[in-house]
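As a plain string of letters, each chain reads:
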Amino acid sequence: MATASVLSDGTIRRLVGEGRIVIEPWDDTMVQPASVDLRLGNSFRVFHNHRVSAIDLKNPPQDLTEPVTIEPDEPFVIHPGEFCLGRTEEWVELPDDIVARIEGKSSLGRLGLIVHATAGFCDPGWKGTLTLELNNLTRVPIKLWAGLPIAQLSFMTLDQAAERPYGHPELGSHYHGQRDATESRYEGGPGSQLASGGGVG
């Protein structure tokens, strides 16, 4: 039985070259010693706090967010204490025996920008862009620009291929193939399951 391990830069390059891992657009200069830097995409979802008095997980509200798309020369401003959803510029596909974890870049964290609250895990079989949970912890606005490095993605091998990878018909994978920042598709209520999101869906 194989031992799970974090993939090195050379292994990442090899698997991308073989087509086992897909990252599009691919930029070899974004490869770090044990991860790949990802850039910020141009689509976001902002919350309409005035629409609901509370978020009830037994009956999650619909249409709580509004899509926003920015132009290449236009910043997206995230205000102090604000939470919104973004996405990576890169499209990522994983095989059935590799998982990935997205993390914020420490240089951005030191500026008070958090890129994920809980959604840091990509299941084997994932296909899509990665949704970012953006939060400004500072007391001043932060300008975000599409195309700038925003996060890093590391990869780990499974001991064997998943029997039901993400996207399998029995899983109800709600975010499979997403291209834009996607709001929550959580299904609440007693006995319900979490929306299978691959973590970053």
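Residues numbered from 1 in each chain as written. Predicted model: local features only at pLDDT ≥ 70, side-chain atom pairs only at ≥ 80, totals over all residues. Heavy atoms only, no water.

Q: Please provide a residue-by-residue account of the side chain of threonine 65, values included.
A: Relative to the helices and strands, threonine 65 resides in strand 5 (residues 65–69). A polar atom in the side chain of threonine 65 sits 2.6 Å from the side chain of arginine 45. (Helix = DSSP H or I, 4+ residues; strand = E, 2+ residues; numbered from the N terminus. Polar contact = N/O pair within 3.5 Å; in protein donor to acceptor, adjacent residues only side chain to side chain.)

Q: Give a description of the pairing of strand 7 (residues 83–93) that names residues and reports values.
A: For strand 7, the buried fraction is high: eight of the eleven residues fall into the buried class. As paired strands, strand 1 (residues 22–24) and strand 7 are joined by three bridges and run antiparallel to one another. Bridge pairing in strand 7 links glutamate 24 to tryptophan 91. Pairing analysis gives two bridges linking strand 4 (residues 43–47) to strand 7, with the strands arranged antiparallel. (Buried < 20%, exposed > 50% of the residue type's maximum accessible area, 1.4 Å probe, protein only. Pairing = 2+ DSSP bridges.)

Q: Which residues make up the sheet that holds strand 10 (residues 121–122), and what values do they have?
A: Strand order in the open sheet formed by five strands is 2-3-13-8-10, with antiparallel pairing between adjacent strands. Each end of this open sheet is capped by a strand with a single partner; those strands are strand 2 (31–32) and strand 10. Taken together, the seven bridges between strand 8 (residues 98–104) and strand 13 (residues 149–157) define a ladder with antiparallel strand orientation. Residue pairing across strands places glycine 104 opposite alanine 151, the latter belonging to strand 13.

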